Amino acid sequence: MAAAVWTDRGTRAKNLLWILTGSRSNHTALKPRYDALVIGGGHNGLVAAAYLQKGGVKTAVLERRHVLGGAAVTEEIFPGFRFSRCSYLLSLLRPHICRDLELKKHGLKVYMREPHSFTPMLEEGMKGAPPRSLTLGSDLAKNLSEIDKFSQKDAKAYPEFVAHLEKLASAIHPLLDSPPVDIKGVTAGSLRKRLAATKTLMPFAKLGLKLGGNIPDFYEIITAPIMKILTRWFDSEPLRATLATDGVIGAMTSPSNPGSGYVLLHHVMGELEKEKGAWGYVEGGMGGVSQAIARAAQSYGVDIFTEKNVEQILVGSDGATKGVVIKDGTEIYSNVVLSNATPYATFKYLTPKGALSEEFIKAVDQIDYTSPVTKINVALDKLPNFLASPTPDDKPGPHHQCSIHLNCENVDILEAAYKDAINGRPSARPMLEMTIPSVLDPTLAPPGCHVVSLFTQFTPYHIKGREWTQQDREDFADTVFDWVEQYAPGFKTSVVGREILSPPDLEKIFGLTGGNIFHGSMSLDQLYLARPLPSLSDYRSPIKGLYLCGSGCHPGGGVMGSPGWNAALTAISDLKRR
């Protein structure tokens with residue numbers, strides 16, 4: 001199980017009121033029949049439920065845990081300290097979903113971060129000056145001044161690089177908000193049906209028109225190693241390494257592996273409060289966005305239940321979905337079922353054996369869920385003070401509010417960390433992304449205290465072929481803290497509690513197969529028409545009435561709401577044709 005260690009110092013946490021963000025069931029009884037059932041109260045499941053209900057389909061959501069949100073949850077792990085326990089930043093929530101569901105009216109509040117990233121160096125300062133650091137944000141002039149500390153040439157190239165990347169990222173937006181091309185519909189059936197299916201080609205046409213002469217550049221960035229791109233543009237290691245982190249974050253890959261370019265593009269194509277590529281903190285933690293979606297869904301009439309663990313999907317003798325049975329034996333019937341679980345969990349654990357062909361199950365077994373991530377949630381009694389940007393009197397500086405990249409000043413460090421995990425051991429010098437949301441959001445920690453998220457890479461699912469032990473977790477966390485201590489002396493003595501979530505823990509607690517935060521690798525063989533499999537890219541399963549609505553579907557990988565929205569519209573369309 002996950003390691004959680006609390007050191008009670010009798011501090012300021014004692015009298016803090018805990019605000020529970022994990023809304024329990026609405027006060028309605030579970031009915032024996034619905035038009036639609038959604039398995040899993042993660043953000044995509046909640047979005048799917050909201051749109052189903054808006055479309056006139058009576059819907060219920062069944063969540064196995066006591067708290068809604070899936071990976072986007074807020075939980076009080078230590079008294080007075082409330083954490084975004086898994087997912088920790090917001091950017092890829094699609095704007096049209098935010099508008100449609102009026103999420104701000106339902107309580108969603110976002111803290112924008114400025115600057116965006118801070119990469120301190122481990123080096124001796126010169127002539128009494130602190131070590132250097134690289135800070136990047138939305139102010140281009142400040143960015144150029146920061147980059148100029150390392151390379152004047154890179155500072156001159158940076159504006160053109162940003163514009164180039166923004167053009168490529170914005171071109172992909174039409175694909176995010178539409179199902180993949182209906183290949184079968186376009187190539188088979190009557191002329192009328194084929195013409196109707198051609199509308200699914202429109203997003204691709206929009207992509208091509210937006211890209212224009214940049215189509216070769218787009219093709220290169222989605223297929224190439226990110227270092228091939230970055231080396232062409234820049235010379236300085238701190239800048240290349242900082243940008244390269246977005247090419248490997250959450251992925252078991254290195255900056256020199258093909259496909260890491262797409263992962264970078266994926267992480268810069270979001271937006272927040274109309275700012276392209278921005279990431280922010282949700283007030284109250286990431287559970288705040290899930291709660292806003294849940295409240296919107298309930299306002300339309302969705303019934304939401306927690307602690308309802310679905311044991312199996314019911315399939316009739318005609319091969320169609322009939323509903324679900326929950327762990328206490330209660331059967332709930334419905335016309336359609338949408339699963340927000342991973343494709344692997346849906347078809348291997350929830351679907352009755354014999355309902356799917358051996359060939360299909362074999363294909364499901366081949367989906368890649370490899371994860372490099374161990375998430376460490378830390379409660380502190382004071383703010384970290386970085387040698388590269390010291391702040392007096394425990395006062396936050398601008399760099400405290402952004403993503404703090406440690407062990408990221410050189411690409412060779414990232415490569416070595418990756419190789420450790422590939423060889424079956426946690427990284428000796430892991431890539432660390434630290435965030436301190438309590439700097440902007442006072443609801444998360446007692447006065448003067450802070451919550452820290454450490455998103456660490458690279459760690460394997462098995463250590464040298466065996467299961468993680470409690471000692472393995474503690475040893476890896478000690479390694480992480482030793483590195484943080486080098487950048488911010490005094491960090492270790494400020495720790496009052498820590499929770500260590502290895503890949504198996506992320507799987508067990510949040511249902512993330514393999515611990516993969518994306519519900520499946522974001523490699524090119526598992527994107528768009530092949531996400532999660534070529535036969536499943538339209539959200540429909542081989543079982544009539546069973547749909548996938550989670551991040552394992554297109555566009556996947558934390559693009560919040562789109563899979564749920566697309567799956568709901570697909571299910572509504574099919575119900576109308578019945």
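(A) Looking closely at the overall build of the chain. Helices and strands together make up the secondary structure of the chain, namely 19 helices and 21 strands. Rg of the C-alpha trace for the chain: 23 Å, near the compact-globule value of 25 Å for 578 residues, within the 12% margin. C-alpha atoms of the chain, sized along the principal axes, occupy 80 × 60 × 50 Å. When the 578 residues of the chain are sorted by exposure, 60% land in the buried category. Of the contacts made within the chain by residues no fewer than 6 positions apart, 73% connect residues no fewer than 24 positions apart. When the accessible surface of the chain is split by element, carbon and sulfur atoms take 55% of a total near 22,800 Å². Taken as two groups, the 62 positive and 59 negative side-chain charges of the chain have centres that lie 6 Å from each other.

(B) Geometry of the nonpolar core. Grouped together as the largest cluster of nonpolar side chains are 69 residues, with contacts concentrated most on Phe218, Leu230, Phe234, Leu239, Leu265, Met269 and Phe510. Considering every element that reaches this core, the biggest residue donor is helix 4 (residues 152–171), with eight residues. Contacts of Phe218, omitting those with residues within four sequence positions, involve Leu168, Ile172, Leu207, Leu211 and Leu265. Counting 67 residues, the second largest nonpolar core, distinct from the first, contains Leu37, Leu52, Ile332 and Ala567.

(C) Inspection of the side chain of His399 at higher detail. Here His399 lies in the loop between strand 16 (373–380) and strand 17 (403–406). Taking relative accessible area as the criterion, His399 reaches 5% and is therefore assigned buried. Excluding residues within four positions of it along the chain, His399 makes contact with Pro115, Phe118, Phe386, Ser389, Thr391 and Ile404.

(D) Examining the pattern of salt bridges more closely. Applying the stated criterion to the full structure yields 26 salt bridges. In this structure, Arg94 engages Asp177 in a salt bridge whose closest nitrogen and oxygen atoms are separated by 2.8 Å. Within this pair, whereas Arg94 is found in the loop between strand 5 (81–84) and helix 2 (95–100), its partner Asp177 is found in the loop between helix 5 (173–176) and helix 6 (183–187), the two being separated by 83 residues in sequence. Like Asp177, Arg94 is buried. Counted as one network, the salt bridges with shared partners bring together Arg65, Glu75, Arg85 and Glu499.

(E) A look at the pairing of strand 15 (residues 331–339). Sheet topology note: the strand 2 (residues 33–39)/strand 15 ladder contains six bridges and is parallel. Across the sheet, the residue bridging to Val38 is Leu338, located in strand 15. As paired elements, strand 14 (residues 321–326) and strand 15 share three bridges and run antiparallel to each other. Looking across to strand 15, one finds that Gly323 is bridged to Tyr333. Between the end of strand 14 and the start of strand 15, which pair antiparallel, lie four residues, with Gly329 showing a positive phi angle near 95 degrees.

(F) Expanded view of the packing of helix 4 against helix 12 (residues 260–268). Their axes nearest at 9 Å, the elements helix 4 and helix 12 cross at an angle of 80 degrees. Taken together, helix 4 and helix 12 sit at an angle that is classed as roughly perpendicular. In this structure, helix 4 contributes Leu165, Leu168 and Ala169 to the contact, and helix 12 contributes Leu264, Leu265 and Val268. For the contact of helix 4 with helix 12, the residue count by class is six nonpolar, no polar and no charged.

(G) Representation of the packing of aromatic side chains in the model. Counted under the stated rule, the structure contains 14 aromatic pairs. Ring centres of Tyr51 and Trp565 lie 6.4 Å apart, and the angle between their planes is 65 degrees; this geometry places the pair in the edge-to-face category. Placement of the pair is Tyr51 in helix 1 (residues 43–54) and Trp565 in helix 19 (residues 562–577), with a sequence separation of 514 residues. For the pair Phe118 and Phe386, a centre-to-centre distance of 5.8 Å together with 75 degrees between the ring planes defines the contact as edge-to-face. One end of the pair, Phe118, is in strand 7 (residues 117–120); the other, Phe386, is in the loop between strand 16 and strand 17, with 268 residues separating them in the sequence. Grouping residues by exposure puts Phe118 and Phe386 together as buried.

(H) Examining the environment of Ala188 more closely. Mapped onto the elements of the fold, Ala188 is located in the loop between helix 6 and helix 7 (191–197). Here Ala188 falls in the partly exposed class, since its relative accessible area comes to 37%. Linking Ala188 and Val439, residues 251 residues apart in sequence, is a C-alpha distance of 57 Å.

(I) Molecular detail of helix 1. Under the 1.5 Å per step criterion, the end-to-end length of helix 1 is 17 Å for twelve residues, consistent within 8% with the ideal 16 Å. Summarising burial for helix 1: eleven of the twelve residues are buried, a large majority. Listing the buried residues of helix 1 in full gives His43, Asn44, Gly45, Leu46, Val47, Ala48, Ala49, Ala50, Tyr51, Leu52 and Gln53.

(J) Summary view of the pairing of strand 20 (residues 495–501). Strand 20 sits mainly inside the fold: seven of its seven residues count as buried. Two elements, strand 16 and strand 20, share six bridges in a ladder whose sense is antiparallel. The residue bridging Leu380 from the neighbouring strand is Val495, located in strand 20.

(K) Structural detail: the environment of Arg132. The residue Arg132 is located in the loop between strand 7 and strand 8 (133–136) in this model. On the basis of relative accessibility, which here comes to 37%, the residue Arg132 falls in the partly exposed class. It is 21 Å that separates the C-alpha atoms of Arg132 and Arg113, two residues lying 19 residues apart in sequence. Sequence-distant contacts of Arg132, that is, excluding residues within four places in its chain, are made with Pro120, Met121, Glu123, Lys149, Phe150 and Ala388.

(L) Representation of the confidence of the model for the chain. Mean pLDDT for the chain: 91, with 94% of residues reaching 70 or above. Predicted confidence is poor over residues 8–25, with pLDDT under 50, and the contacts of this stretch with residues over four places away or in other chains come to 37 contacts.

(M) Molecular detail of helix 12. Of all nine residues that make up helix 12, eight are buried, and the element is covered over most of its length. Every buried residue of helix 12 is accounted for by Ser260, Gly261, Tyr262, Val263, Leu264, Leu265, His266 and His267. Buried residues in helix 12 make contact with helix 4, helix 9 (215–223), helix 10 (226–233) and helix 11 (237–248).

(N) Spatial organisation of the side chain of Ser339. By the element assignment, Ser339 lies in strand 15. Side-chain polar atoms of Ser339 contact the side chain of Thr346, separated by 2.7 Å. Not counting the four nearest positions on each side in its chain, Ser339 is found in contact with Ile39, Thr346, Leu350, Tyr547, Leu548, Cys549 and Gly550.

(O) Quick peek at unusual backbone geometry. In this structure, the amide linkage connecting Gln457 to the following residue, Phe458, adopts the cis form with an omega of 15 degrees. With respect to the helices and strands, the residue Phe458 is situated in the loop between strand 19 (450–457) and helix 17 (470–487). The peptide bond linking His554 to Pro555 adopts the cis configuration, its omega dihedral lying at 0 degrees. If you trace the backbone, Pro555 turns up in the loop between strand 21 (546–548) and helix 19.

Thresholds, definitions, all that
- Residues numbered from 1 in each chain as written.
- Predicted model: local features only at pLDDT ≥ 70, side-chain atom pairs only at ≥ 80, totals over all residues.
- Heavy atoms only, no water.
- Helix = DSSP H or I, 4+ residues; strand = E, 2+ residues; numbered from the N terminus.
- Rg over C-alpha atoms; globule rule 2.2 N^0.38 Å.
- Buried < 20%, exposed > 50% of the residue type's maximum accessible area, 1.4 Å probe, protein only.
- Contact = heavy atoms within 4.5 Å.
- Areas by Shrake-Rupley, 256 points an atom, 1.4 Å probe, with all protein chains shown as cover.
- Lys, Arg positive; Asp, Glu negative; His and termini not counted.
- Charge placed at Lys NZ, Arg CZ, Asp CG, Glu CD.
- Core = buried A, V, L, I, M, F, W, Y, C linked by side-chain atoms within 4.5 Å.
- Salt bridge = Lys/Arg side-chain N within 4 Å of Asp/Glu carboxyl O.
- Pairing = 2+ DSSP bridges.
- Axes fitted to C-alpha atoms, helices over the stretch in contact; angles between N-to-C directions.
- Parallel < 35°, antiparallel > 145°, perpendicular 65-115°, else oblique.
- Nonpolar A, V, L, I, M, F, W, Y, C, P; charged D, E, K, R; others polar.
- Phe/Tyr/Trp six-rings, centres within 6.5 Å; stacked < 30°, edge-to-face > 60°.
- Expected span 1.5 Å × (residues − 1).
- pLDDT = per-residue confidence, 0-100.
- Polar contact = N/O pair within 3.5 Å; in protein donor to acceptor, adjacent residues only side chain to side chain.

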